[in-house]
Amino acid sequence: MADEKQLFKVTIDNITVEVEPGTTILMAARQIGGDVTPPAMCFYSKLQGSGGKCRTCLVEVSKGSEKDPRPMPKLVASCRTTVMDGMEVKNITSDKVMDARAGVVEFLLLNHPLDCPICDQAGECHLQDLSYEHGKEGTRYEFSRRTFEKEDFGPYIQLHMTRCILCYRCTYVAAQLTDSRVHGVLDRGDHAEISTYISKAITNDFSGNMIDVCPVGALTDKTFRFKNRVWFTKPVQAHRDCDKCCGKVTLWNRGDEVLRVTARKDEWGEVESYDGKPGWICNTCRFDKKKLSDWVIEGPTNVNRHSVISTNHYVNGKVPQETIAEVMGGRQPKLLMDIHDVSDVNDPSVDLSVIPGPATGATFNNKKQQ
Amino acid sequence: MGRKLLLEKAHVENIRHFDVYRREGGYRSVEKALKTMNPDAVTEEVKKSGLRGRGGAGFPAGMKWSFLAKPEGVPRYLVVNADESEPGTFKDRYLMEFLPHILIEGMIVASYALGSNRSYIYIRGEYWWIVDILEQAIEEARNNGFLGKNILGSGFDCDIFVHRGAGAYICGEETALIESLEGKRGNPRIKPPFPAIKGVWDCPTVVNNVETISAVVPIINEGGEEYAKIGVGKSTGTKLISACGNINKPGVYEIDMTISVEEFIYSDEYCGGVANGKRLKACIPGGSSVPILPANLLLKTAKGETRMMNYESLSDGGFATGTMMGSGGFIVLDEDQCVVKHTYTLARFYRHESCGQCSPCREGTGWMEKLLLRLDRGQGKMSDIDLLWDIQRKIEGNTICPLGDAAAWPVAAAIRHFRDEFEWHVLNPEECTRRNYGLAHYADPLEVTVA
């Protein structure tokens, strides 16, 4: 019989959980789930060495351990601090933590362009979620935001350096998944930037996973660029036989068009694991298989009902009973305007997935002329 | 006249060379340690001496050495931090330039105590000419049997390598230094694990300042207890102070930590008073990162006692009314200096030197710099002062490495003690571009509050 594992008891926000030694506070909190879990912008459990940088997951350790009950003098990064037996942690119950976290969110947004209306990541952006939870409605920053020289990463990945929060996740992906890392962080301080040395294309076979791990819209899929808002697409689970990767993906469809392919993500926004192995997908699956016939559809993706993406989702969804007709004596509500009467944008007859590059006004105008 | 231990022989001609240094009694400590003591006894001696790290934090060096993990079959390393980049600090430069052998000697003894067979000097890139001096000294030591295999027949092997940095202040932080030494980007590591467990190439490592390692030489020569008798309380031994700013005699001075701050500034043996007959306004006694103090709080503590030049007295009163010994970069400001401009200069430095790894420091330092520039030019608002306070509060303690704290403290202290000067800049936007606030009340004696 195997030795019984010694489990550590850790109390986070007065909720006690038993975890294996070596678990970080953040991973212990994820076992509890809910509001107790500190947000993580740079930590990614599937990438070795990640975390500790963004400081959003700071927590207060009010009791070090059973043996040494002294509290830790400073707030600690929960993603990189391992639990001790009897540790007591305060996350949302600590004013100090909430104050520091609000500060970090303010710092992260300081130079962020807030161009969500034109950002492809909007709707599935961790920085949006974080600002919504912990940010303030205004900014106290009265200076111009920093900008960068444009950098071309080749045909697959689009870099928007102004949106980057320097989480270093993409560099870990490149170092740990691809054959060779061609990009990294150049320069330092507030002018540090993700870049290649010098002006190289990133075409490595698994480089597309950089897009999946990016918590903001700094790295986006060029083949999906400006094609659609994520909340207008319908995610479905699909798979195919792939000799390079697990082949298990989420397709983001509009009708029968496959607009985008990503790896499947769990509730923490991380790539899901299969048999303990993270389900990274290869660039062929991600960028080249954009036909429904390439895939075996498994069914709709389960999307958190708080997510904006679930607005178009139908699993377990209850369609509210239409009451207007009832109260109006059977008359149907008058439609004020059908958007397609006046605008051709997102005209359903335009096949977005087959046009090269992003959709522009010309795409729809040409259609009109035909 | 205080006792000199490190700079005693600095005036001897050609002391830079092995022959002269040896004739003047150099390398005695190596002989004593390697022939008559075992490594643990050396560490014990350093512990007894009460030697505190001279790089800034003042952590007891002997204690740091005893924390070093010693697993079987894993090499251990000694790294000397010569990345002296703190504005106002230039003591290590003086030491290495004129007395390179005292560092080499100290390193051999320390390497013996720690069991390091390959020791490194990580020197800032801008000290390019000192690299040549050190390498020549290492060569001389090796030719004379003090480095290499089987030193003095003791069976102990040791080699020293000089590694040049590439011009980053952050590489003076010990884990960033280790990363840089390994050939990576100089980002500080997340602690724990501390270098004593996992340092260079994941092996146990001790990182010490140049002056700390050099101080090992007199400790071994005279014995730890003798060394501990110099100085007061927990501030034992001698400390190099690099004095600069508006003083008559800027330079590197060795003090035994028993003199008062007033004596240090005004006596002819040291700084020789404030230059041009001006009056003293403020001083940063330990390098740019430590809090600035106005003249009245600098010379007397809040309790009304005379402030002495040692670790305890300088930090008396905490950050509310005290400061820190730091690395010994003594910057004196006379009545013509503008604290707002001065704070801006420091903020600009920290913005430039932040590694950009963690968000509070990366974004906050730039923000503070912009606000301070605005205030300095008379374009600021009253709310900017409170905003600055709030920013520094959110940086301090929330970053990976102490650079965030170092960037926050000068701003905090400037606002704490010189708030009316900041307000004057806001209220007199025109006048502040033409003249300075002057001394104002900053040298007036303070009322002593009786507890």
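Definitions and cut-offs
Residues numbered from 1 in each chain as written. Chains lettered and ligands numbered in written order. Predicted model: local features only at pLDDT ≥ 70, side-chain atom pairs only at ≥ 80, totals over all residues. Heavy atoms only, no water. Helix = DSSP H or I, 4+ residues; strand = E, 2+ residues; numbered from the N terminus. Contact = heavy atoms within 4.5 Å. Buried area = accessible area lost by both parts, 1.4 Å probe. Salt bridge = Lys/Arg side-chain N within 4 Å of Asp/Glu carboxyl O. Polar contact = N/O pair within 3.5 Å; in protein donor to acceptor, adjacent residues only side chain to side chain. Buried < 20%, exposed > 50% of the residue type's maximum accessible area, 1.4 Å probe, protein only. Pairing = 2+ DSSP bridges. Axes fitted to C-alpha atoms, helices over the stretch in contact; angles between N-to-C directions. Core = buried A, V, L, I, M, F, W, Y, C linked by side-chain atoms within 4.5 Å. Phe/Tyr/Trp six-rings, centres within 6.5 Å; stacked < 30°, edge-to-face > 60°. Lys NZ or Arg CZ within 6 Å of the ring centre and 35° of its normal.

1. Examining the side chain of N187 of chain B
Point 1. Along the chain, N187 of chain B turns up in the loop between α8 (174–181) and β4 (205–209).
Point 2. Contact partners of N187 of chain B, with chain neighbours within four places excluded, come to Y168 of chain A together with T175, A176, E179, C355 and Q357 of chain B.

2. Describing the interface of chain A and chain B
Point 1. Contacts between chain A and chain B engage 36 residues on the former and 35 residues on the latter.
Point 2. Buried area between chain A and chain B, both sides added, is near 3,000 Å², and the carbon and sulfur share of it is 49%.
Point 3. Where chain A meets chain B, there are nine salt bridges.
Point 4. With a shortest N-O distance of 2.6 Å, E142 of chain A and K381 of chain B are connected by a salt bridge.
Point 5. At the boundary of chain A and chain B, one finds 22 residue pairs in polar contact (both at pLDDT 80 or more).
Point 6. Of all the secondary-structure elements, those providing two or more residues to the side of chain A that touches chain B are α2 (95–110) and β7 (183–186) of chain A.

3. Some details on helix α4 (residues 169–177) of chain A
Point 1. Of the positions making up α4 of chain A, those classed as buried are R169, C170, T171, Y172, V173 and A174 of chain A.
Point 2. Close packing links the buried residues of α4 of chain A with β7, β8 (193–196), α5 (209–213) and β9 (219–221) of chain A.

4. With respect to the sheet that holds strand β11 (residues 248–254) of chain A
Residue and element names in this part refer to chain A.
Point 1. Sheet architecture is open: four strands sit in the order β12-β11-β10-β15, paired in antiparallel fashion. With one partner strand each, in any of the chains shown, β12 (257–263) and β15 (296–300) form the two edges of the open sheet. Strand-to-strand twist across the sheet, computed as the mean angle between neighbouring axes with direction ignored, equals 35 degrees.
Point 2. Pairing of strand β10 (residues 234–239) with β15, which is carried by four bridges, proceeds in the antiparallel orientation. Residue pairing in the sheet places Q237 in a bridge with G299 of β15.

5. Some points on the nonpolar core
All names here are of chain B.
Point 1. Counting 64 residues, the largest nonpolar core has I104 and I121 as the members making the most contacts within it.
Point 2. Here this core takes ten residues from helix α6 (residues 100–114), the largest share from any one element.
Point 3. Sequence-distant contacts of I104, defined by excluding residues within four places in its chain, comprise Y27, I121, A137, I138, A141, L147 and I160.
Point 4. Core analysis: the second largest hydrophobic core is formed by 60 residues, Y120, W367, L387 and A413 among them.

6. Comments concerning the packing of aromatic side chains
Point 1. The full count for this structure, using the stated rule, is 30 aromatic pairs over all chains.
Point 2. Summarising the aromatic geometry, the rings of F349 of chain B and Y350 of chain B are spaced 5.2 Å apart at their centres and angled 75 degrees between planes, so their arrangement reads as edge-to-face.
Point 3. Through a chain of ring-to-ring contacts, three or more aromatic side chains come together here, namely F107, Y141 and F143 of chain A together with W367 of chain B.
Point 4. When the ring centre of W295 of chain A is taken as origin, the NZ or CZ atom of R240 of chain A, which lies over that ring, is 5.9 Å away.
Point 5. Looking at R124 of chain B, its charged tip hangs above the ring of Y127 of chain B, at a distance of 5.3 Å from the centre.

7. Overview of the pairing of strand β8 (residues 251–255) of chain B
Residues and elements named next belong to chain B.
Point 1. Most of β8 sits out of view: five of its five residues are buried.
Point 2. Residue alternation in β8 divides its side chains into two sets, G251, Y253 and I255 and V252 and E254, and both sets are buried.
Point 3. Summarising the sheet, strand β7 (residues 239–245) and β8 pair through five bridges and their orientation is antiparallel. In the strand pairing of β8, L240 is matched with E254.

8. A look at the sheet that holds β4 of chain B
Residues and elements named next belong to chain B.
Point 1. Judged by pairing direction, the sheet is parallel, and its four strands sit side by side in the order β3-β2-β1-β4 without closing on themselves. Here the strands that pair on one side only, and so sit at the sheet edges, are β3 (159–164) and β4. Each strand axis lies, on average, 20 degrees off the axis of its neighbour in the sheet, ignoring direction.
Point 2. On top of the sheet, helix α7 (residues 128–143) reaches β2 (116–123) and β3; it is set at about 170 degrees to β3, its chief contact.
Point 3. Strand contacts of α8: β1 (76–82), β2, β3 and β4, with the helix running at about 105 degrees to β2, the strand carrying the most contacts.

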